[in-house]
Amino acid sequence: MLKLVFMGSDAIALPALDWLVRSEVGQVVAVFTQPDRAMGRGQKVQPNAIKLWAEARGLPVHQPDKFDAAARAQLAACAPELTLVMAYGHILKQDAIDTPRLGTLNLHTSILPKYRGASPIQTATACGDRETGVTLMRMVLQLDAGPVADVERVTIAPLDTAAEVEAKLAQACVPLLARCLPAIAAGHQVFTPQDAAQATFCRRLEKADGVLDFTAPAAALAARINGLNPWPGSSVEINGQPVKLGLADALGQPETGPSASSQTPGTVLGHKDDGLLVATGQGVLRLCRLQRPGGKMLPAGEFLRGFPVAPGTLLLSRPMPALVAGQPFPYRKG
């Protein structure tokens, strides 16, 4: 049974950790995770889900502020044969990567070399991809560039939000590890180098990414709205108030009323119980869930009964920051 150290700070890793505890492949001997942080509206300092999971099972938990020499010594003291990393939040230097006998592996939530970087789930969904996956790779110093052991693929449905795609990817870690860890322990696993020429990069998302440019096609706008849900969320100003958008899809021309192609992009064409219809650069955007300030995210019909939006209302367009690039985005602290 492999002696494993797990490094991670996000609940997406919980299905994998639960499987590791039940399996006979590996034994988690320690967990490294981020320090307790202030969270929620009350900004109360709380442990993350990974720490709670580990403490409930009596596992040693280490929470270094940064992965320095002291943290490296803690790792070495655990004497792991393999380190498994997923959504940890600290950068590991080469000495930490090389500490376990079998090295350090990373679970990355994209089909590498596509979407290397900080927001692969949101970016794949926001770009309208219909497939993504979890890649198990050997960690190297270069960003998400290590050789790949295997990939577990999942579908992205047209109305999936990033939260729903994340839940699929969390579960996809289990069969991926079940295939690979025994082969790694036996020394049989083949790692295939990535094609760096095919690499694309995503970045840490910001609140400013939630703007919409209605001159874009409806399909692209719907994907972006769904992909940025729940964070950072997309919003528009309607009748002087910011309205958050929770779900959308793309339609052809409406059956009645003005043609979308004859309207200024961003013009409200009308509504039905299942959505507020908006003209775009190509096709009609149906806003299915909306939220007013201080309110709850509601289905469009329920929202519009308390917040009427007249046909002809113009939703202003704003340039949408790029989410993907052919090289790493410049690092911005904070």
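Below you will find a few notes about this structure.

**Observations concerning the overall build of the protein**
Secondary structure assignment for the protein yields eight helices and 15 strands. Counting only C-alpha atoms, the protein reaches 70 × 45 × 35 Å along its principal axes. Put simply, the protein has 334 residues, and 49% of those count as buried. Across the protein, the fraction of contacts at a sequence separation of at least 24, relative to all contacts at a separation of at least 6, is 66%. Carbon and sulfur atoms form 54% of the exposed surface of the protein, whose accessible area is close to 15,700 Å². Separation between the mean location of the 32 positive side-chain charges and that of the 28 negative ones in the protein comes to 4 Å.

**A closer look at helix H2 (residues 49-56)**
Listed as buried for H2 are Ile 50, Lys 51, Trp 53 and Ala 54. Buried residues in H2, looked at end-on, bunch into an arc of 160 degrees, giving them a common side. As for H2, its buried residues are in contact with strand S1 (2-8), helix H1 (14-22), strand S2 (26-32) and strand S5 (61-62). Where H2 begins, one side-chain oxygen reaches toward the backbone nitrogen of Ile 50, 3.0 Å away; that side chain belongs to Asn 48. A positive backbone phi angle near 70 degrees is found at Gly 58, which sits one or two residues after H2.

**Here's the deal with the environment of Gly 187**
Within the fold, Gly 187 resides in the loop between helix H6 (162-186) and helix H7 (218-227). Assessed through its relative accessible area of 63%, Gly 187 is described here as exposed. Separated by 43 residues in the primary sequence, Gly 187 and Asp 144 have C-alpha atoms spaced 22 Å apart.

**Here we look at the packing of H1 against H6**
As a packed pair, H1 and H6 sit with axes 7 Å apart at the nearest point and diverge in direction by 40 degrees. As judged from the angle between their axes, H1 and H6 are oblique. Here the hand of the crossing between H1 and H6 comes out right-handed. Where H1 abuts H6, its residues Pro 15, Ala 16, Trp 19 and Leu 20 lie against Ala 170, Gln 171, Cys 173, Val 174, Leu 177, Ala 178 and Leu 181. Residues that form the contact of H1 with H6 fall into these classes: 10 nonpolar, one polar and no charged.

**Overview of the environment of Gly 133**
With respect to the element layout, Gly 133 can be found in strand S8 (residues 131-138). Considering only alpha carbons, one finds Gly 133 and Lys 296, 163 residues apart in sequence, at a separation of 31 Å. For Gly 133, the residues in contact, after removing those within four places along its chain, are His 108, Thr 109, Ser 110, Ile 111, Glu 152, Arg 153, Val 154 and Leu 169.

**Brief notes about the side chain of His 90**
Relative to the assigned elements, His 90 resides in the loop between strand S6 (82-86) and helix H4 (94-97). Among the polar contacts made by the side chain of His 90, one reaches the main-chain carbonyl oxygen of Pro 64 at a distance of 2.8 Å. Of note is the side chain of His 90, whose polar atom sits 3.3 Å from the backbone oxygen of Asp 65.

**Focus on the nonpolar core**
With 43 residues, the main nonpolar core has Leu 107 and Leu 136 as its most contacted residues. For this core, the leading source of residues is H6, giving 11 residues. When residues no more than four places from it in sequence are discounted, the contact partners of Leu 136 are Leu 84, Leu 105, Asn 106, Leu 107, Val 148, Ala 149, Asp 150, Leu 176, Leu 177, Cys 180 and Ile 184.

Rules used throughout
- Residues numbered from 1 in each chain as written.
- Predicted model: local features only at pLDDT ≥ 70, side-chain atom pairs only at ≥ 80, totals over all residues.
- Heavy atoms only, no water.
- Helix = DSSP H or I, 4+ residues; strand = E, 2+ residues; numbered from the N terminus.
- Buried < 20%, exposed > 50% of the residue type's maximum accessible area, 1.4 Å probe, protein only.
- Contact = heavy atoms within 4.5 Å.
- Areas by Shrake-Rupley, 256 points an atom, 1.4 Å probe, with all protein chains shown as cover.
- Lys, Arg positive; Asp, Glu negative; His and termini not counted.
- Charge placed at Lys NZ, Arg CZ, Asp CG, Glu CD.
- Arc of directions from axis to C-beta.
- Polar contact = N/O pair within 3.5 Å; in protein donor to acceptor, adjacent residues only side chain to side chain.
- Axes fitted to C-alpha atoms, helices over the stretch in contact; angles between N-to-C directions.
- Parallel < 35°, antiparallel > 145°, perpendicular 65-115°, else oblique.
- Left-handed = near helix turned anticlockwise from the far one by under 90°.
- Nonpolar A, V, L, I, M, F, W, Y, C, P; charged D, E, K, R; others polar.
- Core = buried A, V, L, I, M, F, W, Y, C linked by side-chain atoms within 4.5 Å.

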